[in-house]
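Below are the chains, spelled out letter by letter.
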Amino acid sequence: MKALIVEDEVMARRQLARTITEEFPDMEIIGQTGSVAETVAWLADNSPDIIFMDVELSDGKCFEIFRLAKVTAKVIITTAYDSYAVKAFEAGSVDYLLKPIEREALQRAVSRCRARQEAIDTDKLLEALGAKPSPWRERFLVQVGGTIVPVRTSEIAYFFAEAKNNYVVTLDGTAYILDASLDAISTQLDPEVFFRASRSLIIAKEQVRSMVKLLGGRLQIRLNGQLEHPGQFSPDLTVSRSRTEDFLAWLEK
C-alpha cells in the first residue's frame, strides 16, 4: 500500500512515519504534507491507497482538503480530540486514531482499512464532522511562483478582469491571477456577499465604502482602505448602468 501522512507537527509526522515503517513493511510512505494547500497540490499528481490525516493543520482544518481535492484513498483521521474521532468513526467512511497513537490502535485501524472495500463518502464524512459543504466557494487556491496559496473568500475584497487576465484582490490590497473566468467565479460565490457589478468586476458588499454617480447612469465604487489600485493595476470599479438598480437593492439587504 502507498501511504500519505498529513500532519503539521514535524516530530509527530516523523514518529508516525517511523511506526508505520516498523509495523507495516509492505506499506510505502510516498508523501508527507503539513497543510491544506500542500496536500491539495500533492493529491493533484499522486494517488495514495491510504491517508493518515490530522484534523488541525497549519492553514486550517483537514475538511478543506475534501472540498478542494478528489480523495479516493482510505482515510484514517489522527486527532487529539475525542469529538472528531467519534464523529469520523460514525460516518462509516474513515477510521480514526487518538493521539498519542498506540501501536495496537494503529494496527487495528490499518487492518480495517485493508478490509474495507467501499470508497470514501466525502459528503457523509463532512456532515458527520459538522463541516457539511457549503454550496458556495469558501476559498480559492492561487499560485505565486512555485507556491500555492489558499485565499479564503472572507479575505477577498473583489475580483476583476484586465488585459485578458482575471484577478482576485485580498483585503490587504494584494492581487493574484486566477485561472477561472469571472463568469465561472460568479456562480460559485454567495450572492448575499458578492455582486457581479459589471462584466469585469465582482465586488464584496462589506468593502463598498461609498459610490459616485457617473454620466450614463453608472456608479463609481469607492472602497475601504487602499484597495482601489492593487500594485500596478487600475481596475475598473464601476457598476454598469443595467446593474445599478439591482446593485443598490443588494446593498440595502
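Please refer to the structure higher up on the page.
Remember, predicted model here, so these are calculated numbers, not experimental data.

*Asks:* Before we go on, may I ask you to explain the overall build of the protein chain in this structure?
*Replies:* When you go through the protein chain residue by residue, the secondary structure sums to eight helices and 17 strands. Across the 253 residues in the protein chain, those meeting the buried criterion constitute 45%. Of the roughly 13,300 Å² of accessible surface on the protein chain, a fraction of 47% belongs to carbon and sulfur atoms.

*Asks:* Sorry, what's going on with the pattern of salt bridges here?
*Replies:* When their charged atoms lie close together, side chains carrying opposite charge are able to pair. One pass over the structure, following the stated rule, counts eight salt bridges. One salt bridge in this structure joins Lys99 and Glu7, with 2.7 Å as the shortest N-O distance. With a gap of 92 residues between them, Lys99 in the loop between β7 (95-98) and α5 (103-115) and Glu7 in the loop between β1 (2-6) and α1 (10-23) connect regions that are remote in the sequence. A residue is classified by how much of its surface remains accessible, and Glu7, at 3% relative accessible area, is buried. Across the pair Glu22 and Arg103 runs a salt bridge whose closest N-O atoms are separated by 2.6 Å.

*Asks:* What is the right way to read the packing of aromatic side chains from this model?
*Replies:* The geometry of an aromatic ring pair is captured by the separation of the ring centres together with the interplanar angle, meaning the angle of the planes. Inspection of every chain in the model, using the stated rule, returns nine aromatic pairs. Judged by centre distance (4.9 Å) and plane angle (15°), the ring pair of Phe160 and Tyr167 falls under stacked. Tyr167 shares its class with Phe160; the two are buried. Among the aromatic residues, ring-to-ring pairing joins Tyr158, Phe160, Tyr167 and Phe233 into one connected group. When the ring centre of Phe140 is taken as origin, the NZ or CZ atom of Arg137, which lies over that ring, is 4.2 Å away.

*Asks:* I'm lost on the pairing of strand β11 (residues 165-170) in this one. Help?
*Replies:* For a regular strand, side chains alternate in direction, first toward one face of the sheet and then toward the other. Judged by how many residues are buried, β11 sits mostly within the fold: five of six residues are covered. Between strand β10 (residues 156-162) and β11, which follow one another and run antiparallel, lie two residues, and Ala163 among them has a positive phi close to 55°. As defined by bridge partners, β11 adjoins strand β12 (residues 175-178) across four bridges and the pair is classed as antiparallel. Within β12, the residue paired with Asn166 across the bridge is Leu178. From the end of β11 to the start of β12, which pair antiparallel, there are four residues, and Gly173 there has a positive phi angle of about 90°.

*Asks:* Got a minute to help me understand helix α2 (residues 36-43) in this structure?
*Replies:* The α-helix winds at 3.6 residues per turn, so residues separated by three or four positions along the chain end up facing the same way. With six of eight residues buried, α2 is to be regarded as a mostly interior element. Within α2 the residues assigned to the buried category are Val36, Ala37, Thr39, Val40, Trp42 and Leu43. A distance of 3.0 Å separates the backbone nitrogen of Glu38 from a side-chain oxygen at the start of α2, and that oxygen is part of Ser35.

*Asks:* In this structure, what is going on with the sheet that holds strand β15 (residues 208-213)? I would like to understand it.
*Replies:* In space, the three strands of this open sheet follow the order β15-β16-β17, with antiparallel pairing throughout. This sheet does not close on itself; its edge strands, each paired only once, are β15 and β17 (238-239). One ladder, built from two bridges, connects strand β16 (residues 219-223) with β17; its direction is antiparallel. Residue Gln220 lies in a different strand from β17, and its bridge partner there is Thr238. Each of β15, β16 and β17 is contacted by helix α8 (residues 244-252), which is oriented at about 150° to β15, the strand it contacts most.

*Asks:* Please explain the layout of surface pockets as it appears in this structure.
*Replies:* Over the atoms rolls a probe the size of a water molecule, and its path tells where empty space is left. The computed volume of the largest pocket comes to approximately 260 Å³. Arg137, Phe140, Leu141, Val142, Gln143, Ile148, Ile177, Leu178, Asp179 and Ala180 together form the lining of the largest pocket. Within the residue set of the lining of the largest pocket, elements represented by two or more residues are β8 (139-144) and β12. Looking at side-chain class alone, the lining of the largest pocket contains seven nonpolar, one polar and two charged residues. The space that makes up the second largest pocket amounts to roughly 200 Å³. What lines the second largest pocket is Glu7, Ala12, Gln15, Leu16, Thr19, Thr78, Lys99, Pro100, Ile101, Glu102, Arg103 and Leu106.

*Asks:* Just to check I follow, could you spell out the side chain of Ser35 for this structure?
*Replies:* As for its position among the elements, Ser35 is in the loop between β2 (28-33) and α2. The class for Ser35 is buried, based on a relative accessible area of 11%. Reaching out from Ser35, the side chain makes a polar contact with the backbone nitrogen of Glu38 at a distance of 3.0 Å. With residues up to four places along the chain from it excluded, the contact list for Ser35 reads Leu57, Ser58 and Asp59.

*Asks:* What's the story with α1 in this structure? I'm lost.
*Replies:* For α1, built from 14 residues, the straight-helix expectation of 20 Å at 1.5 Å per residue is met to within 8% by its first-to-last C-alpha distance of 20 Å. Of the positions making up α1, those classed as buried are Arg13, Leu16, Ala17, Thr19 and Ile20. Taken end-on, α1 shows its buried residues confined to a sector of 165°, consistent with a single buried face. Within α1, the exposed residues directed more than 90 degrees away from the buried face are Met11 and Arg14.

Thresholds, definitions, all that
- Residues numbered from 1 in each chain as written.
- Predicted model: local features only at pLDDT ≥ 70, side-chain atom pairs only at ≥ 80, totals over all residues.
- Heavy atoms only, no water.
- Helix = DSSP H or I, 4+ residues; strand = E, 2+ residues; numbered from the N terminus.
- Buried < 20%, exposed > 50% of the residue type's maximum accessible area, 1.4 Å probe, protein only.
- Areas by Shrake-Rupley, 256 points an atom, 1.4 Å probe, with all protein chains shown as cover.
- Salt bridge = Lys/Arg side-chain N within 4 Å of Asp/Glu carboxyl O.
- Phe/Tyr/Trp six-rings, centres within 6.5 Å; stacked < 30°, edge-to-face > 60°.
- Lys NZ or Arg CZ within 6 Å of the ring centre and 35° of its normal.
- Pairing = 2+ DSSP bridges.
- Polar contact = N/O pair within 3.5 Å; in protein donor to acceptor, adjacent residues only side chain to side chain.
- Contact = heavy atoms within 4.5 Å.
- Axes fitted to C-alpha atoms, helices over the stretch in contact; angles between N-to-C directions.
- 1 Å grid on protein atoms, 1.4 Å probe; cavity = no way out; pocket = protein on both sides within 12 Å on 5 of 7 lines; lining within 4 Å.
- Points joined across faces, edges and corners; volume = space filled by probe spheres on them.
- Nonpolar A, V, L, I, M, F, W, Y, C, P; charged D, E, K, R; others polar.
- Expected span 1.5 Å × (residues − 1).
- Arc of directions from axis to C-beta.

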